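Geometric and topological summary
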Amino acid sequence: MRRKIIAGNWKMNKDIHETATLIAELRERMKEFKNEVDVVICPSYTSLVVAKSLIKDSSIKLGAQNMLQHDDGAYTGEVSTKMLTAIGCEYVILGHSERRQYFKETDELINAKIKKALSAGLTPIVCIGETLDEREAGITDKIITTQVNGVLRGLTSSEVEKLLIAYEPVWAIGTGKNATPEQANQVHKLIRKQVGQMYSWAIAEKLIIQYGGSMNAQNASALLSQSDIDGGLIGGASLKADLFMAIVQAGVESSG
Ligand code: PEP
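Residues numbered from 1 in each chain as written. Predicted model: local features only at pLDDT ≥ 70, side-chain atom pairs only at ≥ 80, totals over all residues. Heavy atoms only, no water.

1. With respect to the packing of helix 5 (residues 107-119) against helix 7 (residues 140-152)
Let me state the cut-off plainly: Whenever a helix is involved, its axis is fitted only over the stretch in contact; in every case the axis is a line through C-alpha atoms, and angles between N-to-C directions fall within 0 to 180 degrees. Under the scheme used here, helices are H or I runs from DSSP no shorter than 4 residues and strands are E runs no shorter than 2 residues, and both carry numbers assigned from the N terminus. Roughly parallel here means an angle under 35 degrees, roughly antiparallel means over 145, roughly perpendicular means 65 to 115, and every remaining angle is called oblique. Should the near helix be turned anticlockwise from the far one by less than a right angle, the crossing is left-handed, and should it be turned clockwise, the crossing is right-handed. Note on definitions: a residue-residue contact is assigned when non-hydrogen atoms from the two residues lie within 4.5 Å. Asp, Glu, Lys and Arg are counted as charged, while Ala, Val, Leu, Ile, Met, Phe, Trp, Tyr, Cys and Pro are counted as nonpolar; the rest, among them Gly, fall into the polar class.
Close contact between helix 5 and helix 7 brings their axes to 7 Å; oriented N to C, the two are set at 45°. Taken together, the axes of helix 5 and helix 7 are oblique relative to one another. Seen along the crossing, helix 5 lies across helix 7 with a hand that is right-handed. Contacts between helix 5 and helix 7 involve Asp107, Ile110, Asn111 and Ile114 from the first element and Thr146, Gln147, Gly150, Val151 and Leu152 from the second. Looking at the contact of helix 5 with helix 7 residue by residue, the class counts come to four nonpolar, four polar and one charged.

2. Observations regarding the side chain of glutamine 194
Rules: Classification of residues uses two cut-offs on accessible area relative to the type maximum, computed with a 1.4 Å probe and protein chains only: under 20% is buried, over 50% is exposed, and between them is partly exposed. Side-chain atoms alone can form a polar contact between residues adjacent in sequence; in general such a contact is a pair of N or O atoms within 3.5 Å, and within protein one must be able to donate a hydrogen while the other accepts it.
By the element assignment, glutamine 194 lies in helix 9 (residues 181-198). By relative accessible area, which is 10% here, glutamine 194 ends up buried. Among the polar contacts made by the side chain of glutamine 194, one reaches the side chain of asparagine 149 at a distance of 3.3 Å. Once you skip the residues sitting within four places of it in the chain, glutamine 194 turns out to touch Thr145, Val148 and Asn149.

3. Structural notes on the site of the ligand
We count it as follows: Here a residue counts as near a molecule or strand whenever at least one of its heavy atoms sits within 4 Å of it.
Surrounding the ligand, one finds 14 residues, the nearest of these being Lys11, His96, Glu168, Gly174 and Ser214. One nitrogen or oxygen atom from the main chain of glycine 235 is found 2.8 Å from an oxygen atom belonging to the ligand. Residue glycine 236 places a main-chain N or O atom 2.8 Å away from an oxygen atom belonging to the ligand. Across the shell around the ligand, the residue classes break down as four nonpolar, eight polar and two charged.

4. Some thoughts on the nonpolar core
As a rule of thumb, soluble globular proteins bury nonpolar side chains together. Counted only if it meets this: Within this scheme, the nonpolar core is defined by two criteria: the residues are buried Ala, Val, Leu, Ile, Met, Phe, Trp, Tyr or Cys, and they are joined through side-chain atoms within 4.5 Å.
Counting residues in hydrophobic clusters, the biggest one holds 66 residues, and the most contacted among them are Ile191 and Val195. Among the elements that make up this core, the one with the highest residue count is helix 12 (residues 241-254) (seven residues). Grouped together as the second largest cluster of nonpolar side chains are 12 residues, Ile125, Cys127, Ala166 and Leu233 included.

Functional significance is not addressed by these values, which are geometric in nature.
Here it is as structure tokens:
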């Protein structure tokens, strides 16, 4: 059985003071659980150091929202894996659709970032997903297959075993529209099949595939109880302790 993981992508929200408040609330609510699912928070860069100290002695883990594929040097405004690991970051979101859309990140660039993250010991949460136009044109499967091929190009089996994939239909992110549990599960199965063909069925079966796109307290149970949905990458609903913890609760219940 794959262990579920619920990760919060705080995006460009919460300064250090708001970060401290939210973490205090999350820690209080986490007392209701016995570590049945993995819980990760991904605050903005400026909040990472303070977040790390505030989650100390809790089961909450820390992730960043992006990083650069180079070690160091003249890359104004960027952050390296070494900077992230030095402060105790364990996860990094890569290839989020907002990075693809606003910062023109390609599968090729995301692939380079994944390799760098893995070599530094970070766990990449690799985002893929189709746009509304692509879904309406009936090419979702083609887009997903191309993205899986592109982002995993050249990775060894042991590298693929260390990453997570988040299926995030772009049309569902921040829009309040979520994929139905069946629609999402179908794509998750496709991703698993594709990874099985590229590597092995044993690796595909163990691969954690999160769903992201307007997951909330109301739809989380139905999504998380699907056979191939192994967790959530949560945007809007991760900014409020009650909403995020309702999703964690759904993750715990669906873990049986
Ligand atoms: C996201 O940005 O990764 C996301 C899933 O956002 P939201 O939950 O707000 O749709």
